[in-house]
Amino acid sequence: MNLLDTIVLLLYFGVLMIVGIIGIKKAKSEKDFLLAGSRLGYFSHVGCLAAVIIGGAATMGSTTLGYEFGISGFWFVSMMGFGIAALGIFVVNKIGGYEVFTISQLLGKRFGEGTQLISAVVTAIYTLMIVVTQVIGMGNVIHVLLGWPVIPSMVIGGGIVLFYTILGGMWSITLTDIIQFAVMTIGIFFIMFPYSIDSVGGLTALFQSVPVSHHSITNIGWDRIFQYFLLYFFGLIVSQDIWQRVFTARSQKVMKGSAISAGIYSILYGLALSIVGMCALVLLPNLGDSQSAFTSLALEILPPGLLGLVLASVCSALMSNASGAIFASATLITNDIIKVYGKKVRNDQEIIKTSRIVTLGLGVLSIIFSIWIQNILVALDMAYAILSGAIFAPLIIGLYWKRVTSQAAFYSIIASSLVIFTTFMIYGITSTLPIIYGLITGILVIVGVTVLTPVKSLDTTTTTRKSG
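Residues numbered from 1 in each chain as written. Predicted model: local features only at pLDDT ≥ 70, side-chain atom pairs only at ≥ 80, totals over all residues. Heavy atoms only, no water.

As named in an unreviewed UniProt entry, the chain is Sodium:solute symporter, taken from Neobacillus sedimentimangrovi. Within the UniProt record for the chain, the comment given under Subcellular location (unreviewed entry) is "Membrane". Looking at the chain in UniProt, the text filed under Sequence similarities (unreviewed entry) is "Belongs to the sodium:solute symporter (SSF) (TC 2.A.21) family." (UniProt positions renumbered as here; feature names shortened; annotations may be inferred.)

See below:
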């Protein structure tokens, strides 16, 4: 990569850090720091939701799948899009009236402190693993682009995200995400996609040049499509980093509309990058590692300046996802564990200070884990398996079935989590069986315990909603 592209990339990093500093002035209260004051309108909210959904794994992974399987590579990110759209259509009306910051807090209001604690722990593990995937991705991208060693690249990339997240909380994340969404959109849809298509002679020439199997939307295999459904459709519906971003909207109408729009954007994003991956197959058929398809193709076809902007778009996807996830994990620990089991009364400044300390600790931990694991797909699969298998059933069943007891929800999360970790050790982390067994266990436990509990002994916990 030449000097101009390097300057573009470094300037982009500098802008994000400056915006993070600006966010300090806006984060004056707990709600400002955790939810950006719940004041976002439709357009800014769509950008923030899309930015937190689409990370480095989505960008690099979709291109890799397009290279290997063709157009059917779009299923990976599309399932995320369907999940966030389903959240907008079916769940927002159920959660929009709660005065909460986290999924665990909602479960706590519904089922009590025990369920709030265990769900906070499980969900915090998930969000931390999401951060790990993005730090690994940032390290690999910076390593390829700037030629720096992988481990220092991870430390630098993770450190930049950590810097602006600690300073302004959700306001800094929101401001940077709006910039990152714009860069992602321009870089992928207006530069990388058209340049890729032009480099192979157009769409007609592309489809004539790739294997016929690459034309099929099911070439990736029904088993893989089902795996993505289990992992990402369910996972996005009950993802803390998504929920926390949903709550930054100024109204339920904005929440619902922007969730559906972000879902559509994600599907188009996955489709575009699958086609980019097919272009990489035509131009670079002997690529040693298909995971480098995006960066290798960008280096091959883009002129100086535009290359730097497109690679900044990859970093945008990585950083926006990482900042949302690390802040979600910190919010869970601060709001649902420290705040509940520590001092019962805290003012806004104490909460903000505690959240910053927790964010710092988690950031350092995520960088350490990233250096240790160094495999983005392993970390991603583990993260979504934990979330989909353990949290989906008690949360969704609890929202729609008022008879569910606090004991049923608590034991459901415990049992399904144990089943997931046990089956991971038996079948390996790439298997879909831990998710299926976790879901089945969660459903059986929550339904069984609730049905076997006498009606007169049912938990009397009531949901707390805003008046009006």
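Colleague: Teacher, can you tell me more about the overall build of the chain here?
Modeller: If you tally the helices and strands in the chain, you get 19 helices and zero strands. Taken along its principal axes, the extent of the C-alpha atoms in the chain is 70 × 50 × 40 Å. Every one of the 468 residues in the chain was classed for burial, and the buried ones make up 61%. In the chain, once contacts between residues fewer than 6 apart in sequence are set aside, the share between residues at least 24 apart is 86%. If the 24 positive side-chain charges of the chain are averaged to one point and the 17 negative ones to another, these points end up 15 Å apart. (Helix = DSSP H or I, 4+ residues; strand = E, 2+ residues; numbered from the N terminus. Buried < 20%, exposed > 50% of the residue type's maximum accessible area, 1.4 Å probe, protein only. Contact = heavy atoms within 4.5 Å. Lys, Arg positive; Asp, Glu negative; His and termini not counted. Charge placed at Lys NZ, Arg CZ, Asp CG, Glu CD.)

Colleague: How do you make sense of the packing of helix 5 (residues 75-95) against helix 17 (residues 392-400) when you look at a structure like this?
Modeller: Two numbers describe a pair of packed helices, the interaxial angle and the distance between the axes. At their nearest, the axes of helix 5 and helix 17 sit 11 Å apart, and the two run at 65° to each other. When the axes of helix 5 and helix 17 are compared, the pair comes out roughly perpendicular. Between helix 5 and helix 17 the crossing geometry is left-handed. Along the contact surface, helix 5 presents F90, V91, K94 and I95, while helix 17 presents I396, L399 and Y400. For the contact of helix 5 with helix 17, the residue count by class is six nonpolar, no polar and one charged. (Axes fitted to C-alpha atoms, helices over the stretch in contact; angles between N-to-C directions. Parallel < 35°, antiparallel > 145°, perpendicular 65-115°, else oblique. Left-handed = near helix turned anticlockwise from the far one by under 90°. Nonpolar A, V, L, I, M, F, W, Y, C, P; charged D, E, K, R; others polar.)

Colleague: I would appreciate a short explanation of a nonpolar patch on the surface in the present structure.
Modeller: A cluster of nonpolar side chains, L117, V121, I125, Y341 and F421, forms an exposed patch at the surface whose accessible area comes to about 400 Å². Ranked by residue count, the leading element in the nonpolar patch is helix 7 (residues 113-146), at three residues. Turning to its location among the elements, Y341 is positioned in helix 14 (residues 306-341). The partly exposed category is assigned to Y341, whose relative accessible area is 43%. (Patch = residues over 30% accessible without salt bridge, like charges linked within 9 Å, V, L, I, M, F, W, Y side chains within 5 Å. Areas by Shrake-Rupley, 256 points an atom, 1.4 Å probe, with all protein chains shown as cover. Salt bridge = Lys/Arg side-chain N within 4 Å of Asp/Glu carboxyl O.)

Colleague: Is there a simple way to explain the packing of aromatic side chains in this structure?
Modeller: Here a ring pair, both rings aromatic, is described through the centre-centre distance and the interplanar angle of the planes. Counted according to the given criterion, the structure contains 18 aromatic pairs. Seen from their ring centres, F226 and F229 are 6.5 Å apart, and the 25° between their planes marks the pair as stacked. Note that F226 and F229 are positioned in helix 10 (residues 222-237) at a spacing of three residues, about one turn of the helix. What makes F226 partly exposed here is its relative accessible area of 41%. You can call F229 partly exposed: its relative accessible area is 27%. Members of the aromatic cluster, connected to one another through ring pairs, are F226, F229, F233, F234 and F392. (Phe/Tyr/Trp six-rings, centres within 6.5 Å; stacked < 30°, edge-to-face > 60°.)

Colleague: When you look at helix 5 in this model, what are you seeing that I'm missing?
Modeller: Since the α-helix turns once every 3.6 residues, residues separated by three or four places project in the same direction. The largest bend in helix 5 amounts to roughly 45° and is located at I89. Counting buried positions along helix 5 yields 16 of 21 residues, so the element is predominantly enclosed. (Bend = angle between axes of the 7 residues up to and from the residue.)

Colleague: I tried to follow the nonpolar core on my own but got confused; where do I start?
Modeller: Soluble globular proteins: nonpolar side chains tend toward being buried together. Formed by 144 residues in total, the largest nonpolar core has its most connected members in I53, V238, I242, W243, I391 and L395. Per element, the largest residue contribution to this core is 16 residues, and it comes from helix 8 (residues 150-199). The contacts of I391, once residues within four sequence positions are left out, are I103, S119, V122, T123, V238, I386 and I413. (Core = buried A, V, L, I, M, F, W, Y, C linked by side-chain atoms within 4.5 Å.)

Colleague: So what exactly am I meant to see when it comes to the environment of S292 here?
Modeller: Inspection of the secondary structure assignment puts S292 in the loop between helix 12 (252-283) and helix 13 (293-301). Between the C-alpha atom of S292 and that of P149, which follows or precedes it by 143 residues, the distance is 16 Å.

Colleague: Just to check I follow, could you spell out the side chain of T450 for this structure?
Modeller: Looking at the secondary structure, you find T450 in helix 19 (residues 433-452). The exposure class of T450 is buried, given its relative accessible area of 0%. There is a polar contact of 2.7 Å between the side chain of T450 and the backbone oxygen of I446. (Polar contact = N/O pair within 3.5 Å; in protein donor to acceptor, adjacent residues only side chain to side chain.)

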